[in-house]
Amino acid sequence: MSNNAPVFVRTASARDIGTIRALLLETWHDTYDAIYGADRVTAITEEWHSTEALADRLNRPNSEFLVADDGEEIAGMAFASAADEGKTVLLHQLYVKPGRQGQGIGGLLLDEIEGCFPDADKVRLEVEEQNSRAVRFYLSQGFARAGATQDCGAKQSGIPAAIYERPVVWM
Ligand SMILES: CC(C)(COP(=O)(O)OP(=O)(O)OC[C@H]1O[C@@H](n2cnc3c(N)ncnc32)[C@H](O)[C@@H]1OP(=O)(O)O)[C@@H](O)C(=O)NCCC(=O)NCCS
């Protein structure tokens with residue numbers, strides 16, 4: 001049975017780490033196996049989404065770690081930090097469980113995390129160009145291509161990606 005229960009967005013806590021790890025593992029294999037191969041995806045997620053790596057993000061200064069929770073499960077997560085003295089939000093992670101995609105949860109997390117940085121005038125992210133669903137999503141959310149990197153996600157990762165940005169419009 002498909003689940004489309006309404007979610008609320010809240011700050012992630014140490015209790016959520018195991019659930020977030022499982023969400024990232026499932027979503028990474030679903031999204032990237034066809035692009036990088038399952039073995040490489042397993043290796044990357046073991047390193048980037050270890051318990052230690054995720055716990056470190058909970059306590060990082062000038063950052064926000066949010067989850068979309070429906071009371072029964074965590075359907076999505078987002079992690080971002082401030083750069084350029086708060087003027088730029090770097091969106092490091094935005095992941096919605098495969099079974100919960102296309103329900104507005106990604107857009108909700110994106111808007112909520114942007115709102116956590118009141119000095120920001122733009123949001124920047126890196127996206128794998130072959131990840132056409134994500135590229136389409138970001139274009140529909142007002143992002144435009146602003147460049148490229150050869151080291152997505154981590155220094156010397158060797159993973160190429162496009163850089164997308166959107167201006168922050170305060171209402
Ligand atoms: C890319 C991703 C974050 C988008 O999140 P999402 O929750 O699926 O996105 P949304 O539901 O907010 O929006 C997706 C589409 O559903 C539509 N939608 C929004 N609310 C909806 C609703 N209540 N019911 C049905 N459709 C809806 C949106 O209009 C959007 O359509 P569009 O892309 O044609 O504009 C998500 O698909 C994901 O995690 N993908 C795998 C991992 C990934 O690629 N992450 C990004 C790495 S850079």
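Our subject in this report is the structure included herewith. Everything numeric in this text was worked out from a predicted model, so none of it was measured.

**Description of the overall build of the chain**
Looking only at helices and strands, one finds 5 helices and 7 strands in the chain. Along the chain, helices (α) and strands (β) appear in the sequence β-α-α-α-β-β-β-α-β-α-β-β when read from the amino end. Computed over C-alpha atoms, the radius of gyration of the chain comes to 15 Å, within 12% of the 16 Å expected from 2.2 N^0.38 for 171 residues, which places it in the range of a compact globule. Overall size of the chain, expressed as C-alpha extent along the three principal axes, is 40 × 35 × 30 Å. Counting all 171 residues of the chain, 42% fall into the buried class. Taking as baseline every contact in the chain between residues at least 6 positions apart, the subset at least 24 positions apart corresponds to 62%. Accessible surface, the chain as shown: approximately 9200 Å² in total, 49% of it carbon and sulfur.

**Comments concerning helix H5 (residues 132–140)**
Buried residues of H5: Ala-134, Val-135 and Tyr-138, and no others. On an axial view of H5, the arc spanned by its buried residues comes to 100°, and they lie on one face. For H5, exposure combined with an orientation more than 90 degrees from the buried face picks out Arg-136 and Ser-140. Residues of H5 that are buried in the fold lie against strand E4 (88–96), strand E5 (122–127) and strand E7 (161–167). A positive phi of about 95° marks Gly-142, the residue just after H5.

**Brief notes about the packing of aromatic side chains**
Throughout the structure, instances matching the rule amount to 7 aromatic pairs. Plain terms: the ring middles of Trp-28 and Tyr-95 are 6.1 Å apart, the flat faces sit at 40° to each other, and that makes the pair tilted. Remark: Tyr-95 occurs in strand E4 and Trp-28 occurs in helix H1 (residues 17–36); sequence separation between them is 67 residues. Owing to a relative accessible area of 5%, Trp-28 belongs among the buried residues under this scheme. Judged by relative accessible area, which is 12%, Tyr-95 ranks as buried.

**Some words on the nonpolar core**
In terms of nonpolar packing, the biggest core is built from 25 residues, with Leu-91 and Tyr-138 touching the most fellow members. Where this core is concerned, the elements lending two or more residues are strand E2 (63–69), strand E3 (74–83), E4, helix H4 (105–115), E5, H5 and E7. Apart from the residues lying within four places of it in its own chain, the contact partners of Tyr-138 are Leu-91, Leu-94, Leu-125, Val-127 and Phe-143.

**Describing the site of the ligand**
Lining the immediate surroundings of the ligand are 21 residues, of which Val-96, Gly-102, Gly-104, Gly-106 and Asn-131 lie closest. Gln-101 places a side-chain nitrogen or oxygen 3.4 Å from a nitrogen atom of the ligand. Gly-104 has a polar backbone atom sitting 2.6 Å from an oxygen atom of the ligand. Coverage of the ligand by the protein amounts to 68% of the 930 Å² it exposes when considered alone. Within the residue set of the shell around the ligand, elements represented by two or more residues are H1, E4, H4, E5 and H5. It is H5 that provides the largest number of residues to the shell around the ligand, a total of 5 residues. Here the residues of the shell around the ligand are counted per class, giving 9 nonpolar, 10 polar and 2 charged.

Parameters and conventions
Residues numbered from 1 in each chain as written. Predicted model: local features only at pLDDT ≥ 70, side-chain atom pairs only at ≥ 80, totals over all residues. Heavy atoms only, no water. Helix = DSSP H or I, 4+ residues; strand = E, 2+ residues; numbered from the N terminus. Rg over C-alpha atoms; globule rule 2.2 N^0.38 Å. Buried < 20%, exposed > 50% of the residue type's maximum accessible area, 1.4 Å probe, protein only. Contact = heavy atoms within 4.5 Å. Areas by Shrake-Rupley, 256 points an atom, 1.4 Å probe, with all protein chains shown as cover. Arc of directions from axis to C-beta. Phe/Tyr/Trp six-rings, centres within 6.5 Å; stacked < 30°, edge-to-face > 60°. Core = buried A, V, L, I, M, F, W, Y, C linked by side-chain atoms within 4.5 Å. Near = heavy atom within 4 Å. Polar contact = N/O pair within 3.5 Å; in protein donor to acceptor, adjacent residues only side chain to side chain. Nonpolar A, V, L, I, M, F, W, Y, C, P; charged D, E, K, R; others polar.

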